[in-house]
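# Structural description and commentary
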Amino acid sequence: MRFVRPETLEEAATLLGQESGVTRIISGGTDVMVQMRSGLVAPDLVVDLKHLTGLRSITPEAGGFRIGAAVSGAQLGEHEGVCALWPGVVEGVQLIGSTQVQGRATMVGNLCNGSPAADAVPGLVAADATVRIMGPNGSRDCPVAEIPAGPGRTTLGKGEFVTSVFLPARPERSGDAYLRFTPRTEMDIAVAAAAVSLTVDAKGVVTAARVALGAVAPTVMLVPEAAAAIIGTTLDDAAQAALAAAASAACNPIDDKRGTIEFRTRVAGVLARRAALIALARAGGQN
Amino acid sequence: MKTIHVSTTVNGDAAEFICGPDESLLDVLRNRLGLTGAKEGCGTGDCGACSVMLDGRLVCSCLVLGAEAEGVTVDTIEGLAEGDHLHPLQQSFIDHAALQCGVCTPGILVAAKALLDRNPDPTETEVRYWLAGNLCRCTGYDKIIHAVMDAAKTMRAA
Ligand SMILES: Cc1cc2nc3c(=O)[nH]c(=O)nc-3n(C[C@H](O)[C@H](O)[C@H](O)COP(=O)(O)OP(=O)(O)OC[C@H]3O[C@@H](n4cnc5c(N)ncnc54)[C@H](O)[C@@H]3O)c2cc1C
Ligand code: FES
Ligand code: FES
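These numbers come from a predicted model, not from an experiment.

### Some remarks on the site of ligand 1
- Ser27, Thr30, Asp31, Thr106 and Asp119 of chain A are the nearest of the 35 residues found near ligand 1.
- Neighbouring residues of ligand 1 are distributed over chains A and B.
- Glycine 97 of chain A is positioned with one of its backbone polar atoms (N or O) 3.2 Å from a nitrogen atom of ligand 1.
- Between arginine 180 of chain A and ligand 1, the recorded distance is 3.1 Å, taken from a side-chain N or O atom to an oxygen atom.
- Relative to its free-state accessible area of 980 Å², ligand 1 is covered by the protein chains to the extent of 93%.
- Elements represented by at least two residues in the shell around ligand 1 include exactly β2 (23–26), α7 (107–113) and β10 (161–167) of chain A.

As structure tokens, this is what we get:
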């Protein structure tokens, strides 16, 4: 195995693009190190990008924030601006692991590791966040929702890597929230999870919504039917029931000792409903 | 495998070492720098026995590559006492008998100090959540929590 700290993003792209063996980027290392140790992966090349300009900064941009790919959960949680604008995204990130893991783990590592149960990803998908990708052919932007391709897989091409996440501006009276179910309160992996981002008008009617589910399909997924169930409503009881039903209907989970298909399907609906109510309260609306 | 030369700062002093590209910071500290305070309980980020501070952040040194320590500051349990003068947390762990085999203790002290440095007056719930990534297989959690709460009180009065 080789360990390299490139001087520039271009050098990193060339290096990763030309490597014929297995490559990994070490951001927080909280997945990579565990996988290397367990023998799950034996990389030929490990690239560290954390020292490169912008990779560790959070910068206001167009009313939102651009967050460097190497920003840790702890650093994100200390940023008042991001916490105020996208509390649901931050609470998803901060559910990852322990204090120690938070000191290192990144949203981008969580996304690119490709776990269907990744806690940062539903919030990012609900937020309609995009990632900036660098690669041998230059830079491009892509919605977070289009990155996961299946358990442990992404749509990133050969030599491509993420340099930042962009969380957009949002209209007044907007809120978001993330909830997961785990058997333990700490240090556990989601059995089902839901994130909701919504905007209400002055009368409290939902004018826009995005609903994303985690751990109930091969990838984190956006569920437009669940969003449609609440747009145009005040999240009254009927809308809540329709939201839960649409979320459950979209589930295609695994069946294992941590959660049966029936359980995961039902709980995903419940979590979507509860997350929507928290998002509504954060948006200043009432049901 | 090509070895890597790393220049870093450990407990305030400049330190240099040579390590393998896949060697963890925990192995470097223990096997190359002779700092055996940080322990390996699991090697997978679950137990916190290897806790150290990296550029002022609490991390599991088993999840950091030695090579990543280039140019950063590392603070370990060995830097907690000032000479023979124990840190209030260390004294409190002795007073409360908050350790049995002691394998988890260095990690818990490093983690607890990180908490008290940022929050001198934590609630018991805050202490318990902050230390959720530090496992004690002798299961002496209650005494550990009380020792931390008590040390916080002593430090606030100082
Ligand atoms: C004790 C423990 C508890 C955990 N608990 C949780 C939990 O509750 N919820 C949860 O979701 N996860 C959990 N995890 C898993 C892990 O911490 C998260 O997935 C974390 O967000 C990974 O981020 P990282 O920066 O450490 O990734 P790394 O390990 O650095 O990288 C992960 C993957 O992403 C790729 N990658 C990294 N950076 C980039 C980049 N810039 N561009 C392209 N690809 C990149 C790497 O090549 C690798 O494949 C836990 C891990 C541990 C050890
Ligand atoms: S040895 Fe590092 S967390 Fe257990
Ligand atoms: S005292 Fe033995 S592990 Fe905690």
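So much for the structure itself; the text now carries on.
### Focus: the sheet that holds strand β3 (residues 51–54) of chain B
Residue and element names in this part refer to chain B.
- Here we have five strands laid out as an open sheet, ordered β2-β1-β5-β3-β4, and mixed in their pairing. Looking along the sheet, the strands with just one partner apiece sit at the ends: β2 (13–19) and β4 (57–60). Ignoring which end each strand starts from, the neighbouring axes of this sheet average 40° apart.
- Note that strand β1 (residues 4–10) and strand β5 (residues 73–75) share two bridges and pair parallel. Counted as the bridge partner of valine 10 is valine 74 from β5.
- In this fold helix α1 (residues 25–32) packs onto β2, β3 and β5, with an angle of close to 105° to the strand it touches most, β2.
- Sitting on the sheet, helix α3 (residues 105–118) is in contact with β3 and β4, with an inclination near 45° to β3.

### Digging into the packing of helix α2 (residues 88–95) of chain B against helix α5 (residues 141–157) of chain B
Residue and element names in this part refer to chain B.
- Running from amino to carboxyl end, α2 crosses α5 at an angle of 135°, the nearest separation of the two axes being 8 Å. As judged from the angle between their axes, α2 and α5 are oblique. With respect to the hand of their crossing, α2 and α5 are arranged in right-handed fashion. Contacts between α2 and α5 involve Pro88, Leu89, Ser92 and Phe93 from the former and Ile144, Ala147, Val148, Asp150, Ala151 and Met155 from the latter.
- Of the residues belonging to the contact of α2 with α5, the class tally is eight nonpolar, one polar and one charged.

### Thoughts on the domain arrangement of chain A
Residue and element names in this part refer to chain A.
- Here chain A is described as being made up of domain 1 (2–167) and domain 2 (174–283).
- Facing 25 residues of domain 1, the contacting portion of domain 2 comprises 22 residues.
- Across the domain 1/domain 2 interface, buried area totals approximately 1,900 Å², and carbon plus sulfur atoms make up 60% of it.
- Counting the surface domain 1 buries against domain 2, the share from its top three residues, Pro116, Pro122 and Ala126, is 27%.
- Summed over the shared surface of domain 1 and domain 2, the number is three salt bridges.
- There are ten residue pairs in polar contact (both at pLDDT 80 or more) connecting domain 1 and domain 2.
- Going through the elements one at a time, α5 (87–94), α8 (121–126) and β8 (148–150) are the ones with two or more residues in the side of domain 1 that touches domain 2.
- Looking at the side of domain 1 that touches domain 2 residue by residue, the class counts come to 15 nonpolar, seven polar and three charged.

Conventions and cut-offs
Numbers given for residues are sequential positions, taken from 1 along each chain in its written order. Each chain is given a letter, starting from A, and each ligand a number, starting from 1, according to the order in which they appear as written. Local features are withheld for residues below a pLDDT of 70 in this predicted model, meaning they are given only at 70 or higher, and side-chain atom pairs are given and counted only at 80 or more; totals for whole chains, interfaces and linings count all residues. Side-chain metrics in this entry use all non-hydrogen atoms of the structure; hydrogen atoms and water are not considered. We call a residue near a molecule or strand when any one of its heavy atoms sits within 4 Å of it. As used in this structure description, the phrase polar contact means that two N or O atoms lie within 3.5 Å; if the pair is within protein, one of them must be able to donate a hydrogen and the other to accept it, and residues adjacent in sequence are counted only when both atoms belong to side chains. Note on areas: Shrake-Rupley, 1.4 Å probe, and residue coverage restricted to the protein chains presented here. Under the scheme used here, helices are H or I runs from DSSP no shorter than 4 residues and strands are E runs no shorter than 2 residues, and both carry numbers assigned from the N terminus. By definition, two strands form a pair when at least two bridges between them are found by DSSP. Lines fitted to the C-alpha atoms define the axes, with helices restricted to the stretch that makes contact. Angles between their N-to-C directions range from 0 to 180 degrees. Note on contacts: a residue pair is in contact if any heavy atoms of the two residues lie within 4.5 Å. Orientation labels follow simple angle bins: below 35 degrees gives roughly parallel, above 145 gives roughly antiparallel, 65 to 115 gives roughly perpendicular, and whatever is left gives oblique. The hand of a helix crossing depends on one turn: near helix anticlockwise from the far one by less than a right angle means left-handed, and clockwise means right-handed. Three residue categories are used. Nonpolar comprises Ala, Val, Leu, Ile, Met, Phe, Trp, Tyr, Cys and Pro, charged comprises Asp, Glu, Lys and Arg, and polar comprises the others, including Gly. By convention here, the domain bounds are inherited from an automatic or database domain assignment. When two components associate, each loses some accessible surface as probed by a 1.4 Å sphere; the sum of these losses over both components is called the buried area. Any carboxyl oxygen of Asp or Glu that lies within 4 Å of a side-chain nitrogen of Lys or Arg is treated as forming a salt bridge with it.

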